[in-house]
Amino acid sequence: MSFIEYGDTIKEGDTAIVFLGHESMFPVKVQPGGKTQTKYGVIRHSTDLIGKKYGSKVTCSKGGWVYILYPTPELWTLNLRHRTQILYSTDISLITMMLELKPGSIVCESGTGSASLSHAIIRTIAPTGHLYTVEFHQQRAEKAIEEFEEHKVGHLVTVKTQDVCKNGFGVTNVADAVFLDIPSPWEAVGHAKLALKHEGGRICSFSPCIEQVQRTCLALEEHGFTEITTSEILLRVYNVRTISLQIPDLGKTADGNSSTGVDGGNLSNEDALCPNLPQETVQFKSGVPLKEMVGHTGYLTFATKNLF
Ligand SMILES: C[S@@+](CC[C@H](N)C(=O)[O-])C[C@H]1O[C@@H](n2cnc3c(N)ncnc32)[C@H](O)[C@@H]1O
């Protein structure tokens, strides 16, 4: 297993995703002799996981079953242990496209945080690109390094423990793209410019508050960045539901049949006095938006460093 290429079979040391249902899954490190408890009973790694195919339905000790899924950055984002606030796939998708990331891209990022975005960047730039990620919080940086090694992507990423606003990214004129998710991104814009290739590149800064955006845009302008735009991306999720609607009985037609047409009504006094006449219902499938949707996460400010 590696986060950058698919493997068919569950192996010792893999990070697999145990899927119990929508909104209910968790990661598990596969180990010989390992046991994982679920609400459907225990999963025994040696007999139930190792050697089985990813996507398999695994029966737990109480007879219930789960699916074992191959880990992707998107699943990891939904399952990782939060050390910080993280970016989710909706924002990540726009970031990846607007930064023009592709295999071979060199990217600088700060802060690493919980490495949700880092995993997505690494998958996109593999197998020849590189991510330089800066995190000034020692334990967070160490945990990220540990995870990158566990997920077999350590060779594609360098983690530096320093203050990006004071010391920058530790590389000069190498990056195709820079991403900032820190409280004061405007203080890192000069360092981002230095890290970007001489011939130019793209930058993105994520900030929850508009005041942060204003300061960042001013700093971008001062440093000669162009094409400065700020966007927000909002996801609306729909459930597919069968809807039943009662057809109103607006009265009886002349031949005595129930009518639903507005112009067929010959409503007698008798009908008007019998409100319990059977009513027809119509059923249809429809997409229904969830009652609650994810609101504001942050503003995404993009800009370009040009050669001239
Ligand atoms: C919101 S988290 C980043 C989350 C990350 N984008 C993800 O998807 O998991 C911000 C991180 O930036 C780090 N940070 C804040 N200011 C920094 C600075 N000046 N230099 C380096 N790291 C910084 C914090 O320690 C924190 O871990």
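In the block above lies the structure referred to throughout.
As a starting point, this report considers the structure included with it. Numbering of residues starts from 1 in every chain and runs along the sequence as written. A pLDDT threshold of at least 70 governs which residues receive local features in this predicted model, and a stricter bar of 80 or more applies before side-chain atom pairs are shown or counted, although totals over entire chains, interfaces and linings include all residues. Hydrogen atoms and water are omitted, and side-chain values are computed over all heavy atoms in the structure.

We now examine the sheet that holds strand β11 (residues 201-207). Two strands form a pair only when DSSP identifies at least two bridges running between them. Note on conventions: DSSP H or I runs of at least 4 residues are helices, E runs of at least 2 residues are strands, and numbering of each starts at the N terminus. Strand order in the open sheet formed by 7 strands is β9-β8-β7-β10-β11-β15-β12, with mixed pairing between adjacent strands. Bordering the open sheet on either side are β9 (157-160) and β12 (226-231), each of which pairs with just one other strand. Neighbour-to-neighbour, the strand axes of this sheet turn through a mean angle of 15°, independent of strand direction. Bridge analysis of β11 against strand β15 (residues 299-305) gives 7 bridges, and the strand direction is antiparallel. Bridge pairing in β15 links R202 to T304. Interaxial angles span 0 to 180 degrees and are taken between N-to-C directions of axes, which are lines fitted to C-alpha atoms, for helices over the stretch in contact.

Bringing the site of the ligand into the picture now. Proximity is defined per residue: any heavy atom of the residue falling within 4 Å of a molecule or strand makes that residue near it. Around the ligand, the structure places 24 residues, and the nearest of them are E135, R140, D163, V164 and D181. Any pair of N or O atoms that falls within 3.5 Å is considered a polar contact. Within protein, one atom must be able to donate a hydrogen and the other to accept it, and sequence-neighbouring residues count only if both atoms are side-chain atoms. A distance of 3.0 Å is found between a nitrogen atom of the ligand and a backbone nitrogen or oxygen belonging to V164. Protein chains shield 90% of the accessible area of the ligand, which is 610 Å² for the free molecule. Only α4 (116-125) and α6 (164-167) provide two or more residues apiece to the shell around the ligand. Across the shell around the ligand, the residue classes tally to 10 nonpolar, 10 polar and 4 charged. Every accessible area reported is derived by Shrake-Rupley at a probe size of 1.4 Å, with residue values counting cover from the shown protein chains alone. Amino acids outside the nonpolar list (Ala, Val, Leu, Ile, Met, Phe, Trp, Tyr, Cys, Pro) and the charged list (Asp, Glu, Lys, Arg) are all regarded as polar, and Gly is one of them.

Here the focus is the state of the cysteines. By disulfide we mean two sulfur atoms from cysteines, separated by a distance within 2.5 Å. Across all of its chains, the model carries 0 disulfides by this definition. Cysteine C209 remains unbridged, with the sulfur of C217 as its closest cysteine sulfur at 14 Å. Taking the relative accessible area as the measure of exposure, C209 reaches 38% and is therefore partly exposed. Burial status follows relative accessibility: with a 1.4 Å probe on protein chains alone, a residue under 20% of its type maximum counts as buried, one over 50% as exposed, and anything between as partly exposed.

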